[in-house]
Amino acid sequence: MSITHAPPGYQCPMCDLLAGRSTPIDDVRDIVMRAEGAAAFVASQWWPNNPGHVMVVPTGHYENLYSIPAVAYAAVGDLVREVAVAIRATYGCDGVSTRQHNEPAGYQDLWHLHVHVYPRYEGDRLYATQPESGFAALAERQVYAERLRTYFTSSSGSATAAR
Ligand SMILES: [Zn+2]
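The shown structure was predicted, so the numbers you read here are calculated from the model rather than taken from an experiment. (Residues numbered from 1 in each chain as written. Predicted model: local features only at pLDDT ≥ 70, side-chain atom pairs only at ≥ 80, totals over all residues. Heavy atoms only, no water.)

**Student:** Please set out the coordination of the zinc ion residue by residue, giving values where relevant.
**Tutor:** Around the zinc ion, the donor atoms from the protein are Cys12 (SG), Cys15 (SG), His61 (ND1) and His112 (ND1), and they sit 2.0 to 2.3 Å away. Spacing between the donor residues of the zinc ion along their common chain follows C-x2-C-x45-H-x50-H. Remark: His112 occurs in the loop between strand S4 (95–99) and strand S5 (115–120) and His61 occurs in the loop between strand S3 (54–58) and helix H2 (70–90); sequence separation between them is 51 residues. Taking relative accessible area as the criterion, His61 reaches 38% and is therefore assigned partly exposed. (Donors = N, O, S within 2.8 Å, 3.2 Å for Na, K, Ca; no water. Helix = DSSP H or I, 4+ residues; strand = E, 2+ residues; numbered from the N terminus. Buried < 20%, exposed > 50% of the residue type's maximum accessible area, 1.4 Å probe, protein only.)

**Student:** Which residues make up a nonpolar patch on the surface, and what values do they have?
**Tutor:** Together, Met1, Leu65, Tyr66 and Tyr73 line one region of the surface with nonpolar side chains, adding up to about 390 Å² of accessible area. Here Tyr73 shows up in helix H2. Among the residues examined, Tyr73 registers a relative accessible area of 34% and is labelled partly exposed. (Patch = residues over 30% accessible without salt bridge, like charges linked within 9 Å, V, L, I, M, F, W, Y side chains within 5 Å. Areas by Shrake-Rupley, 256 points an atom, 1.4 Å probe, with all protein chains shown as cover. Salt bridge = Lys/Arg side-chain N within 4 Å of Asp/Glu carboxyl O.)

**Student:** I'd love a proper account of the packing of aromatic side chains, names of residues and values included.
**Tutor:** Scanning all chains against the criterion turns up four aromatic pairs. Where Tyr151 meets Phe152, the ring centres are 5.9 Å apart and the plane angle is 75°; that geometry is what we call edge-to-face. On the accessibility criterion, Tyr151 (24% relative accessible area) is partly exposed. Above the ring of Tyr91, the side-chain terminus of Arg147 is found at 5.8 Å from the ring centroid. (Phe/Tyr/Trp six-rings, centres within 6.5 Å; stacked < 30°, edge-to-face > 60°. Lys NZ or Arg CZ within 6 Å of the ring centre and 35° of its normal.)

Shown next, in the form of structure tokens:
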């Protein structure tokens, strides 16, 4: 099924990031893992009680769940699982949640499929809070990126920690 909301000539910021070009929002140094078919990076826009959450994206450009091939989505799912384990092991959190949005009615506003992976804390009210209006500084993001890179480097997962 081909349903798209990307404007004509859309310059995809996720494809830019994956190609090694930092954007006004995301920096290549935010990338913590590159696996076969998927990559993970520390998000720039944070929720107030869940700092350092991670975005997992397919390395190919697919806008939503309707258009991504099953094998490409499997790579995303595998990496989401690995990131969840890494967050749980290194953030000192009490749980992990994921979110994935399709189309504006589904709160999608970035036209490259992505899965948010959030650290969860008792009473954090993730679903009752809004994302911060500004962006976390690169130095703040790097605190979490380093934890994840260190974890992935020392674990024997299938993916390889981004350098
Ligand atoms: Zn893209």
